[in-house]
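Coordinates in review
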Amino acid sequence: MSAAEEVVVATWREHSAVGHHYENLLADARVLAWTEPPFRETLPPRRRRP
């Protein structure tokens with residue numbers, strides 16, 4: 001099945017100050033998940049080492 005033929009059954013989104021997480025449930029029971037940085041940010045915040 002090509003990317004153009006994938007049928008999304010449900011979409012879940014979660015937004016926070018740390019970033020945005022998305023999940024798509026496909027008709028064949030696969031889940032596609034990805035995370036994006038917060039708005040106006042190019043990368044997620046980095047933790048400083050002690």
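Right above here is the structure, for reference.
No experiment lies behind these values; they were computed from the predicted model shown.

What about the environment of Glu23?
Of note, Glu23 is situated in strand S2 (residues 19–26). A C-alpha to C-alpha distance of 10.0 Å links Glu23 and Val8, two positions 15 residues apart in sequence. Residues contacting Glu23, with those up to four places away along its chain left out, are Ala10, Thr11, Trp12, Val31, Leu32 and Ala33. Within polar-contact distance, the side chain of Glu23 engages the side chain of His21 at 3.0 Å.

Concerning the sheet that holds strand S1 (residues 8–16)
Read across the open sheet, the three strands follow the order S1-S2-S3; overall the sheet is antiparallel. The sheet is open, and its two edges are formed by S1 and strand S3 (31–36), each paired on a single side. Averaged over all pairs of adjacent strands, the angle between strand axes in this sheet comes to 10°, irrespective of strand direction. Where S2 lies against S3, six bridges are found, and the strand directions are antiparallel. Along S3, the bridge assignment pairs Asn24 with Leu32.

What counts and how
Residues numbered from 1 in each chain as written. Predicted model: local features only at pLDDT ≥ 70, side-chain atom pairs only at ≥ 80, totals over all residues. Heavy atoms only, no water. Helix = DSSP H or I, 4+ residues; strand = E, 2+ residues; numbered from the N terminus. Contact = heavy atoms within 4.5 Å. Polar contact = N/O pair within 3.5 Å; in protein donor to acceptor, adjacent residues only side chain to side chain. Pairing = 2+ DSSP bridges. Axes fitted to C-alpha atoms, helices over the stretch in contact; angles between N-to-C directions.

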